[in-house]
Amino acid sequence: MADVSTDNRHDLILARDAALLKDTVLEAGALALSLFRTDLKNWTKGASSPVSEADIAVNDLLESRLRSVTPDYGWLSEESVDDETRLGKRLVWIVDPIDGTRGYLAGREDWCVSVALVEDAGPLLAAVFAPASDEFFFAARGHGAARNHVPVHATSGAELDFSRMAGPKPLVERLSRSCSEIVLHPRIGSLALRLCRVAQGSLDAAFAGGQSRDWDLAAANLIVQEANGNMTALSGDKILYNRREVAHGVLVAAGRDRHARIVEQFRSRS
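Note that the coordinates shown come from a computational prediction; the quantities given were computed from them, not determined experimentally.

> Which parts of the structure should I look at to understand the state of the cysteines?
Two cysteines joined by a covalent bond between their sulfur atoms form a disulfide. In the structure shown here, the tally under the stated rule is 0 disulfides. You can see Cys-112 has no disulfide; the closest cysteine sulfur is in Cys-196, sitting 6.8 Å from it. Of the residues examined, Cys-196 reaches a relative accessible area of 0% and is grouped as buried.

> Would you mind going over unusual backbone geometry with me for this structure?
Glycine aside, residues mostly have negative phi angles, and peptide bonds mostly take the trans form. The phi angle at Ala-121 is positive, at roughly 80°, despite the residue not being glycine. Looking at the secondary structure, you find Ala-121 in the loop between β5 (112–119) and β6 (122–130). Judged by its relative accessible area of 8%, Ala-121 falls in the buried class. Of note, the phi angle at His-149 is positive, near 75°, even though the residue is not glycine. We classify His-149 as exposed; its relative accessible area is 74%.

> Honestly, the sheet that holds strand β11 (residues 205–208) in this entry has me stumped. Any pointers?
Taken in spatial order, the 4 strands line up as β10-β11-β15-β13 in an open sheet, and their pairing is mixed. Looking along the sheet, the strands with just one partner apiece sit at the ends: β10 (165–166) and β13 (229–233). Relative to the sheet, helix α5 (residues 191–200) contacts β10, β11, β13 and β15 (251–255), its axis offset from that of β11 by approximately 155°. On the sheet, helix α7 (residues 256–269) packs against β11, β13 and β15 and is oriented at approximately 145° with respect to β15.

> How should I be thinking about the packing of aromatic side chains in this particular structure?
Any two aromatic rings considered together are summarised by their centre-to-centre distance and by the angle between their planes. On inspection of all chains with the given rule, the structure shows 7 aromatic pairs. Relative to Trp-93, the ring of Tyr-73 has its centre 6.1 Å away and its plane inclined at 40°; by these criteria the two rings are tilted. Pair noted here: Tyr-73 is in the loop between α2 (53–69) and β3 (74–77) and Trp-93 is in strand β4 (residues 91–99), with a separation of 20 residues, a long-range link. Since its relative accessible area comes to 11%, Tyr-73 is described here as buried.

> Would you mind going over the pairing of β13 with me for this structure?
If a strand is regular, its side chains alternate between the two faces of the sheet. Counting buried residues along β13, 4 of its 5 residues qualify, which places the element largely inside the surrounding structure. Sheet analysis places β13 next to β15, joined by 5 bridges and oriented antiparallel. Of the residues in β15, the one forming a bridge with Asn-230 is Ala-254.

> Where do I start with the pattern of salt bridges in this structure?
Two side chains that carry opposite charge are able to pair once their charged atoms sit near each other. Considering all chains together, one arrives at 15 salt bridges under this definition. Ionic pairing is found between Glu-109 and Arg-37, a salt bridge with its closest N-O pair at 3.8 Å. Here Arg-37 lies in the loop between α1 (4–35) and β1 (42–45) and Glu-109 lies in the loop between α3 (101–105) and β5, a separation of 72 residues in the sequence. Residue classification places Glu-109 among the partly exposed residues on the basis of a relative accessible area of 40%.

> I keep staring at the pairing of β11 and nothing clicks. Help me out?
Across the two faces of β11 the burial is the same, with Ala-205 and Phe-207 and Ala-206 and Ala-208 all buried. Pairing of β10 with β11 involves 2 bridges; the strand directions are parallel. Directly across from Met-165, in β11, lies its bridge partner Ala-205. Pairing between β11 and β15: 4 bridges, direction antiparallel. Across the sheet, the residue bridging to Phe-207 is Val-252, located in β15.

> Help me out: how do you make sense of α2 in this one?
Think of an α-helix as 3.6 residues a turn; residues three or four steps apart then line up on the same face. The end-to-end C-alpha distance of α2 is 25 Å, a good match for the 24 Å that 17 residues give at a rise of 1.5 Å each. Taken together, the buried positions of α2 are occupied by Ala-54, Asp-55, Val-58, Asn-59, Leu-61, Leu-62 and Leu-66. The arc that holds every buried residue of α2, seen down its axis, measures 160°, which confines them to one face. Two or three places before Ala-54, at the opening of α2, Ser-52 has a side-chain oxygen 3.1 Å from that residue's backbone nitrogen.

> How should I be thinking about the side chain of Asp-110 in this particular structure?
Inspection of the secondary structure puts Asp-110 in the loop between α3 and β5. Judged by relative accessible area, which is 15%, Asp-110 ranks as buried. Separated by 2.6 Å, the side chain of Asp-110 and the backbone nitrogen of Gly-189 make a polar contact. Look past the residues within four positions of Asp-110 in its chain and what remains in contact with it is Asp-99, Gly-103, Arg-187, Ile-188, Gly-189, Ser-190 and Leu-193.

Thresholds applied
Residues numbered from 1 in each chain as written. Predicted model: local features only at pLDDT ≥ 70, side-chain atom pairs only at ≥ 80, totals over all residues. Heavy atoms only, no water. Disulfide = S-S within 2.5 Å. Buried < 20%, exposed > 50% of the residue type's maximum accessible area, 1.4 Å probe, protein only. Helix = DSSP H or I, 4+ residues; strand = E, 2+ residues; numbered from the N terminus. Pairing = 2+ DSSP bridges. Contact = heavy atoms within 4.5 Å. Axes fitted to C-alpha atoms, helices over the stretch in contact; angles between N-to-C directions. Phe/Tyr/Trp six-rings, centres within 6.5 Å; stacked < 30°, edge-to-face > 60°. Salt bridge = Lys/Arg side-chain N within 4 Å of Asp/Glu carboxyl O. Expected span 1.5 Å × (residues − 1). Arc of directions from axis to C-beta. Polar contact = N/O pair within 3.5 Å; in protein donor to acceptor, adjacent residues only side chain to side chain.

Given below as structure tokens:
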């Protein structure tokens, strides 16, 4: 039988981390919003990934707040140098300070702050905050998902309405049996926010093209799962986080029945 005091301690720590995550992401979103549509220095990292001084400021705030309370947890952020000591940690913060930087710099509202606490390769807590539209998504494993404190649920059924799907068009077209042009939902620049739209039921399904990273996915993954949805590789394989390689292939998120149908159709056509 489990030691009750140990269980209670685990619950208290989880409650502390959930409160810390909520407060910190809200504060980070407020900072990002205060810098939104201002004259920001920005540059390109890698081949074509934009980054701005707002990304760095938000990352610094998140790291300071989260790591000061949880110094023993690992850390993986898009805007931090990767410290591979995270690979030996059971609990790791996975962070995207501003997901959708390109849209953020263009003055569009489809960006967010996305943070997950991952335990043993799977997300345990998740927060995605879109300050420009004042939408705060939160999920805890086994406790459901909510948007602005109201529970959310992915749409049921298995029919495929392409106007309620988002993602790379060539990929989605592989689901169509028709030669006619398909019309997708308008593009959502933030991948995390695109996936949260599935969790809240405003999209039936969303796809991520190859080369998304842990920080794009981990928080939204839990939010989709806790909203009675599923999010996996096109093969149906579960997504694992906090591995040495943080890039992922093509992924799909949808309500459970629709997700199963989409995965089966891709399997049958591969």
